[in-house]
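# Remarks on the overall topology
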Amino acid sequence: MIQTLEWTAHGVVFIDQTKLPTEEVYVTCTTHQQVADAIRNMVVRGAPAIGVAAAMGIALGVKNSKAENAADLKKDFDQICEIIRQTRPTAVNLFWAIRRMTEKFEFLRIRPIAHIQQALIEEAQRMHAEDIAANQAMGRHGATLMPSSGGVLTHCNAGALATAGYGTALGVIRAAVEQGKKIHVYADETRPFLQGSRLTAWELMKDGIPTTVISDNMAGVMMQQGKIGAIVVGADRIAANGDVANKIGTYTVAVLAKEHGIPFYVAAPISTVDLDTPDGSRIPIEQRNAREVTHIAGKQMTPDGVEIENPAFDVTPAKYVAAIITERGIARAPYENSLRDLAAEIPKHP
Ligand code: MRU
């Protein structure tokens, strides 16, 4: 199995996703500042992976703290969380992870420092294991929605690399293939960062799942030609009404899917559902560096000085979403009710 990120005695180890698919390089972060940089610079990316990385970064920061009393440790803890919080604004899993680590810290506050340090490391490791279990459960639920054969289109990378392992959207595809369904994946290239062509194609090829990479502007014609039976993507944040923030270009795919009568599914863990955000208009959208658009592999593609936009995510209104696949089951419209019900369930995993 692909190891996206791992807690080790030396620090947090990431597969460097900026180097794939041509180089398989692992980096070890020994401080929480390094983990924050790894998140900001997309060495690790994808909402659930960002959440687990954030938790490991916090655990690492607390482990490195020189505090000798509870008050100083609390000061360090707050500073560490703030540095992690400032990395990327859209994936709600980051803030979910900070909240969960904060709750754990508050619960342990009167314990000896060494005990708190160890317990936070264990909490981060538990979140890693829970994420894999959640993806496998999502796969079991979502596989039932996949066609028995034919093309399934995905956008960006919502695979093992975007999670602790197995993947959300790609987890659904993996589970369907494991059940014997004959799926051929169409992977949108996903400009400007190329998560589809670099990462989705890389991990699906490792698994031997038939895959065709298309540039983003080919998705419409593939649907028109009847090559796509279903679409499944991940999410960075799902508002209470079912609006879905995901990689830029997802909205275009969803609108095209509607026109062609193709079901558009979203697979995401409950930690991606943000019931505090009523609808998609309130989801903060990260604007990234113009250089991601102006340059490909270091080569300039646009004239000097031209204006550039680079929103990293868009919002797909709930009306385009046929179902939201979570580890606790499948939510359908009206999402206000179905998501609230699933979020309220007591989790079954460890
Ligand atoms: O900018 P990225 O690469 O972090 O964006 C990733 C996505 O948009 C994914 O589709 C989303 O996080 C779901 S990953 C399981």
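Another point: the packing of aromatic side chains. Tallying each qualifying case throughout the model produces two aromatic pairs. A cation sits over an aromatic face here: lysine 247 above phenylalanine 313, 4.2 Å from the ring centre.

Once that is clear, we can look at the sheet that holds strand E15 (residues 323-326). Reading across the sheet, the seven strands line up as E6-E5-E4-E7-E10-E15-E16 and stay open at both edges, with mixed pairing between neighbours. Because the sheet does not close on itself, it has two edges, and the strands there are strand E6 (211-214) and strand E16 (329-331). Strand-to-strand twist of the sheet, defined as the mean angle between neighbouring strand axes without regard to direction, takes the value 25°. Judged from the three bridges that link them, strand E10 (residues 264-267) and E15 form a sheet pairing that is parallel. Directly across from alanine 267, in E15, lies its bridge partner isoleucine 325.

One can describe the packing of helix H2 (residues 47-64) onto helix H4 (residues 92-108) by two numbers: an axis separation of 7 Å at closest approach and a directional angle of 35°. Between H2 and H4 lies a crossing whose hand is right-handed. Contacts between H2 and H4 involve Ala47, Pro48, Ile50, Gly51, Ala54, Ala55, Ile58 and Ala59 from the former and Asn93, Leu94, Ala97, Ile98 and Met101 from the latter. Counted by class, the contact of H2 with H4 contains 11 nonpolar, two polar and no charged residues.

Attention shifts here to the packing of helix H3 (residues 70-85) against H4. Two elements in contact, H3 and H4, have axes whose closest approach is 10 Å; the angle formed by their N-to-C orientations is 170°. As judged from the angle between their axes, H3 and H4 are roughly antiparallel. Here Leu73, Lys74, Phe77, Cys81, Ile84 and Arg85 of H3 come into contact with H4, specifically with Leu94, Phe95, Ile98, Met101, Thr102, Phe105 and Glu106. Along the lines of polarity and charge, the residues of the contact of H3 with H4 split into nine nonpolar, one polar and three charged.

Lining the immediate surroundings of the ligand are 19 residues, of which Arg45, Arg88, Asp236, Asn246 and Lys247 lie closest. One of the side-chain N or O atoms of arginine 88 is found 2.8 Å from an oxygen atom in the ligand. In the model, an oxygen atom of the ligand is placed 2.7 Å from a nitrogen or oxygen of the aspartate 236 side chain. Contact with the protein chains removes 100% of the 410 Å² of surface that the ligand exposes when unbound. Split by domain, the residues of the shell around the ligand number at least three in each of domain 1 (5-136) and domain 2 (140-343).

Conventions used here
Starting afresh in each chain, residues are numbered from 1 along the sequence in its written order. Per-residue local features of the predicted model are confined to residues with pLDDT of at least 70, and side-chain atom pairs are confined, for both listing and counting, to 80 or more; whole-chain, interface and lining totals are unaffected and use all residues. Only hydrogens and water are set aside; all other atoms, that is, all heavy atoms of the structure, feed into the side-chain values. Aromatic contacts are taken between Phe, Tyr and Trp rings whose centres are within 6.5 Å, Trp giving its six-membered ring; a plane angle under 30 degrees counts as stacked, one over 60 as edge-to-face, and the others as tilted. For a ring to carry a charge above it, either NZ of a lysine or CZ of an arginine must fall within 6 Å of the ring centroid while also lying within 35 degrees of the normal to the ring plane. A pair of strands counts as paired when DSSP detects no fewer than two bridges linking them. Working definition: helices are DSSP H or I runs of at least four residues, strands are E runs of at least two. Numbering for both runs from the N terminus. Interaxial angles span 0 to 180 degrees and are taken between N-to-C directions of axes, which are lines fitted to C-alpha atoms, for helices over the stretch in contact. Less than a right angle of anticlockwise turn of the near helix away from the far helix marks a crossing as left-handed, whereas a clockwise turn marks it as right-handed. Note on contacts: a residue pair qualifies if any of its non-hydrogen atoms lie within 4.5 Å across the two residues. When residue character is reported, Ala, Val, Leu, Ile, Met, Phe, Trp, Tyr, Cys and Pro are called nonpolar, Asp, Glu, Lys and Arg charged, and the others, Gly included, polar. Comment on the angle field: the value is read as roughly parallel under 35 degrees, roughly antiparallel over 145, roughly perpendicular from 65 to 115, and oblique elsewhere. We call a residue near a molecule or strand whenever a single non-hydrogen atom of that residue lies within 4 Å of it. By the criterion applied in these results, polar contacts are pairs of N or O atoms within 3.5 Å in which, for protein atoms, one can donate a hydrogen and the other can accept it, and in which residues neighboring in sequence qualify only through two side-chain atoms. Here the accessible surface of atoms and residues is derived via Shrake-Rupley with a 1.4 Å probe, and residues count as covered only by protein chains that are part of the display. For the domain bounds, the source is a domain assignment made automatically or taken from a database.

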